[in-house]
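Residue strings, one per chain:
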Amino acid sequence: PHAYLSLVDSCGVDTPNTRHYYDFFIDLNNNQPYWGKIGDVEDLRPGDIIVFRYKKHRHGATAGHMMMVMDRPIKEANTFSVRVADSAPVGHSQDTRKSHVSGIGIGTLLLKTNPKTGLLDSYAWREGALWRHNVSFAMARPLDLDS
């Protein structure tokens, strides 16, 4: 709850959207007590949040997407399979949503890093889907200060 409230206070809205999460995560520094910035896909663990923003999007179109990590990523070369929970119109690979049913589910998303920089640069919604490169990523972990 403290992490969420710090985000709400920072962005000044009661219901933050992907833009708010993205901007908040990008601006995170060591002075923010309730969040930890994640720079490497290999450091993701359950409970972390991934958000991406489209670099170019049409007015009125979805500007990005946010997901909660359910399992540690599985790496193969510069590609990672990550189980995520989200709400979307279609499911990921091995998704708990029924085919063509919108809503909340858990499935496997594919993320790819640039082999030269090691930074995230694209995603595929599911196995066999086209890689989307027109996105910027941010990742963060809500910190449990009670433990």
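For the structure given in this document, a descriptive report is provided here. (Residues numbered from 1 in each chain as written. Predicted model: local features only at pLDDT ≥ 70, side-chain atom pairs only at ≥ 80, totals over all residues. Heavy atoms only, no water.)

Let us now look at the layout of surface pockets. Volume-wise, the second largest pocket comes out at about 260 Å³. Surrounding the second largest pocket, 15 residues form its lining, Phe52, Tyr54, Tyr123, Trp125 and Arg132 being those nearest its centre. At the level of secondary structure, the elements contributing two or more residues to the lining of the second largest pocket comprise strand 2 (49-54), strand 3 (64-69) and strand 5 (79-88). Broken down by class, the residue content of the lining of the second largest pocket amounts to 9 nonpolar, 5 polar and 1 charged. (1 Å grid on protein atoms, 1.4 Å probe; cavity = no way out; pocket = protein on both sides within 12 Å on 5 of 7 lines; lining within 4 Å. Points joined across faces, edges and corners; volume = space filled by probe spheres on them. Helix = DSSP H or I, 4+ residues; strand = E, 2+ residues; numbered from the N terminus. Nonpolar A, V, L, I, M, F, W, Y, C, P; charged D, E, K, R; others polar.)

In this structure, Ile50, Leu111, Tyr123 and Phe137 are the most contacted members of the largest nonpolar core, which totals 19 residues. For this core, the elements supplying multiple residues, two or more each, are strand 2, strand 3, strand 5, strand 6 (103-113), strand 7 (120-124) and strand 8 (135-142). It is strand 5 that contributes the most residues to this core, 4 residues altogether. Tyr22, Leu28, Trp35 and Ala140 belong to the second largest nonpolar core, which has 12 residues in total. (Core = buried A, V, L, I, M, F, W, Y, C linked by side-chain atoms within 4.5 Å. Buried < 20%, exposed > 50% of the residue type's maximum accessible area, 1.4 Å probe, protein only.)

It is worth spelling out the side chain of Thr18 at this point. Structurally, the position occupied by Thr18 is in helix 2 (residues 18-26). The buried category is assigned to Thr18, whose relative accessible area is 17%. In contact with Thr18, not counting residues within four places along its chain, are Val51, Arg53, Ala63, Gly64, His65 and Met66. (Contact = heavy atoms within 4.5 Å.)

Applying the stated rule across the entire model yields 8 aromatic pairs. Judged by centre distance (5.8 Å) and plane angle (85 degrees), the rings of Tyr21 and Phe25 are edge-to-face. Here Phe25 and Tyr21 lie together in helix 2, a separation of 4 residues that amounts to about one turn. Judged by centre distance (6.0 Å) and plane angle (65 degrees), the ring pair of Phe52 and Phe137 falls under edge-to-face. Here Phe137 lies in strand 8 and Phe52 lies in strand 2, a separation of 85 residues in the sequence. Per residue, the accessibility class of Phe52 equals that of Phe137, and both read buried. Cluster of aromatic residues (ring-pair linked, three or more members): Phe52, Tyr54, Tyr123, Trp125 and Phe137. In this arrangement the basic side chain of Lys112 is found over the ring face of Trp131, its NZ or CZ atom lying 4.3 Å from the centre. (Phe/Tyr/Trp six-rings, centres within 6.5 Å; stacked < 30°, edge-to-face > 60°. Lys NZ or Arg CZ within 6 Å of the ring centre and 35° of its normal.)

Right, let's get into the packing of helix 1 (residues 2-11) against helix 2. Orientation of helix 1 relative to helix 2, taken along the N-to-C sense of each, is 100 degrees, at an axis distance of 10 Å. In this view, helix 1 runs roughly perpendicular relative to helix 2, as classed from their interaxial angle. Packed against helix 1, whose contacting residues are Tyr4, Ser6, Leu7, Ser10 and Cys11, the element helix 2 presents His20, Tyr21, Phe24 and Phe25 at the interface. Class assignment for the residues of the contact of helix 1 with helix 2 results in 6 nonpolar, 3 polar and no charged. (Axes fitted to C-alpha atoms, helices over the stretch in contact; angles between N-to-C directions. Parallel < 35°, antiparallel > 145°, perpendicular 65-115°, else oblique.)

Restricting attention to buried positions, one finds in helix 1 the residues Ala3, Ser6, Leu7 and Val8. Phi turns positive, to about 75 degrees, at Gly12, one or two residues after helix 1.

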